[in-house]
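Structural overview for review
Residue-level listing of the chains:
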Amino acid sequence: MSRKYNVAVVGASGAVGEELFHVLGELDFPIADLLPLASANSAGKEIECQGKTYKIEELTETVFEGRDIDIAFFSAGGNISEQYAKYAVDAGAVVIDNTSHFRMDADVPLVVPEVNPEDIAAWRDTGIIANPNCSTIQMVQALKPIHDMYGIKRVDVSTYQAVSGAGKAGAEELVQQMQDFFAFKLDESEHKAFMHQIALNVIPQIDAPQPNGYTKEEMKMVNETNKIMHSNFAVSATCVRVPVLRSHSEAVTITFDESVDVDVEKVRLALSEFENLEVIDDLEHGMYPMPTVATDTDTTFVGRIRKDTYADNILHIWVVADQLRVGAATNSIRIAQKWIALEDA
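Residues numbered from 1 in each chain as written. Predicted model: local features only at pLDDT ≥ 70, side-chain atom pairs only at ≥ 80, totals over all residues. Heavy atoms only, no water.

1. Quick look at the overall build of the protein
Looking only at helices and strands, the protein has eight helices and 14 strands in total. For 345 residues, the compact-globule formula gives about 20 Å, and the C-alpha radius of gyration of the protein, at 20 Å, lands near that figure. A burial count over the protein gives 53% of its 345 residues as buried. Entry remark: accessible area of the protein is about 15,400 Å², with carbon and sulfur atoms responsible for 48%. Charged side chains in the protein number 28 positive and 53 negative. The centres of these two groups are separated by 1 Å. (Helix = DSSP H or I, 4+ residues; strand = E, 2+ residues; numbered from the N terminus. Rg over C-alpha atoms; globule rule 2.2 N^0.38 Å. Buried < 20%, exposed > 50% of the residue type's maximum accessible area, 1.4 Å probe, protein only. Areas by Shrake-Rupley, 256 points an atom, 1.4 Å probe, with all protein chains shown as cover. Lys, Arg positive; Asp, Glu negative; His and termini not counted. Charge placed at Lys NZ, Arg CZ, Asp CG, Glu CD.)

2. So, the pairing of strand β10 (residues 234-241)
Within β10, six of the eight residues are buried, which leaves the element mostly enclosed by the surrounding structure. Where strand β9 (residues 152-161) and β10 come together, eight bridges link them in parallel fashion. Bridging across to β10, aspartate 156 finds its partner in serine 236. (Pairing = 2+ DSSP bridges.)

3. Brief notes about the side chain of threonine 255
Among the structural elements, threonine 255 can be located in strand β11 (residues 248-256). Given the relative accessible area of 16%, threonine 255 is considered buried. Here threonine 255 is in contact with Ile152, Lys153, Arg154, Asn313 and Ile314, once residues within four sequence places are set aside. (Contact = heavy atoms within 4.5 Å.)

4. A closer look at the packing of aromatic side chains
According to the stated counting rule, one finds seven aromatic pairs in the structure shown. Relative to tryptophan 339, the ring of tyrosine 5 lies with its centre 6.3 Å away and its plane at 70 degrees, an arrangement referred to as edge-to-face. Placement of the pair is tyrosine 5 in strand β1 (residues 5-10) and tryptophan 339 in helix α8 (residues 325-344), with a sequence separation of 334 residues. Of the two residues examined, tyrosine 5 and tryptophan 339, each falls in the buried class. Through pairs of rings, three or more aromatic residues link up here, namely Tyr5, Trp123 and Trp339. (Phe/Tyr/Trp six-rings, centres within 6.5 Å; stacked < 30°, edge-to-face > 60°.)

5. As for the sheet that holds strand β2 (residues 31-38)
With parallel pairing, the six strands of this open sheet are ordered in space as β5-β2-β1-β6-β7-β8. A strand with exactly one partner marks an edge of an open sheet, and here the two such strands are β5 (57-58) and β8 (128-130). Judged from the four bridges that link them, β1 and strand β6 (residues 71-74) form a sheet pairing that is parallel. Looking at β6, one finds that valine 7 is bridged to isoleucine 71. Packed onto the sheet, helix α2 (residues 78-90) meets β1, β6, β7 (94-97) and β8 and runs at close to 180 degrees relative to β6. (Axes fitted to C-alpha atoms, helices over the stretch in contact; angles between N-to-C directions.)

6. Side note on the sheet that holds β10
Taking strand neighbours across the sheet as the criterion, the six strands line up as β10-β9-β11-β14-β13-β12 in an open arrangement whose pairing is mixed. Taken across any chain shown, the strands that pair with only one partner, and hence form the sheet edges, are β10 and β12 (277-279). When strand polarity is set aside, the average angle formed by the axes of neighbouring strands in this sheet is 20 degrees. Relative to strand β13 (residues 300-307), β12 runs parallel, the two sharing three bridges. Counted as the bridge partner of valine 279 is valine 302 from β13. The strands touched by helix α5 (residues 216-229) within the sheet are β9, β10 and β11, with β10 carrying the most contacts at an inclination of about 145 degrees.

7. Describing unusual backbone geometry
Even without being glycine, aspartate 68 reaches a positive phi, approximately 55 degrees. With respect to the element layout, aspartate 68 can be found in the loop between β5 and β6.

8. Describing the environment of lysine 168
Among the secondary structure elements, lysine 168 is positioned in helix α4 (residues 168-182). Residues lysine 168 and glycine 14 lie 154 residues apart in sequence; the distance between their C-alpha atoms is 7.3 Å. Engagement of the side chain of lysine 168 in a polar contact is seen with the backbone oxygen of serine 13, the distance being 3.0 Å. Polar contacts involving the side chain of lysine 168 include one to the side chain of glutamate 18, which spans 2.6 Å. (Polar contact = N/O pair within 3.5 Å; in protein donor to acceptor, adjacent residues only side chain to side chain.)

Nothing here speaks to function; it is geometry throughout.
Okay, structure coming up:
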């Protein structure tokens, strides 16, 4: 990887954008030049990456022209990607999009590098590679080695999603409400990022309701899982917002064919040997994945691995990962690394 690349980051002032700069630095990504882009409100502000300071420029339809951008990370919302990604592609960049806009486009690869890196080769069809939903990423990382072992028939998942999944505003709202609680004025506290009070509460709705009774977030997990894994097993999700600042947790129930007798030790070994997974599973000593363990790491943690008490063909696991890193910035950069390797091959 001797060559260096001109990189653009759209959404440079947002939570995911900021995390992208951190991870680009930590992984020593081969940057020749960096172009941070955001709305006019953020233009002129400075960001740091790999020991250098860059000024944020305003995102416009012409900003990519003549800049020789190789890789453009988009993380500013689906409407922004819809409007501006084509200009980056037209200027010669590969767009790695962290929004939901392109994920289910049949011509756009939806990639988790540990699971389906071969799909990256299809980027030439549109110039775009989609980054999946954060909750989907950590789940399919854990599902992949298990599916390879037994062949999954059905997945039921309940998520416990941190407030920073709703951006800076979500995190700030929880902090403000907790401050208001200790000041005995929680009843006066506003809630704008979430439909209801999030402090000392859980909200069993993330994103818009759908006609089938699920939410948009839940259907993302259903549809994206099968696209990424090239599978057709059933998936049902219940997505819940919890008063945790960072890192999503998931309780996952996996059903196999009735002929399967799950071997928990073999599952534990397969998970521990899978790329970027770590098993923490010692219930007797209180050892299991938690948001405090996963936050600010690039690892997906799996624990509470156990066979169902009533059926030998059902397995339960608990999965935790930092959704700003594993579920967004780090996955995007891992895609870029695989793309570079593909182009250099």
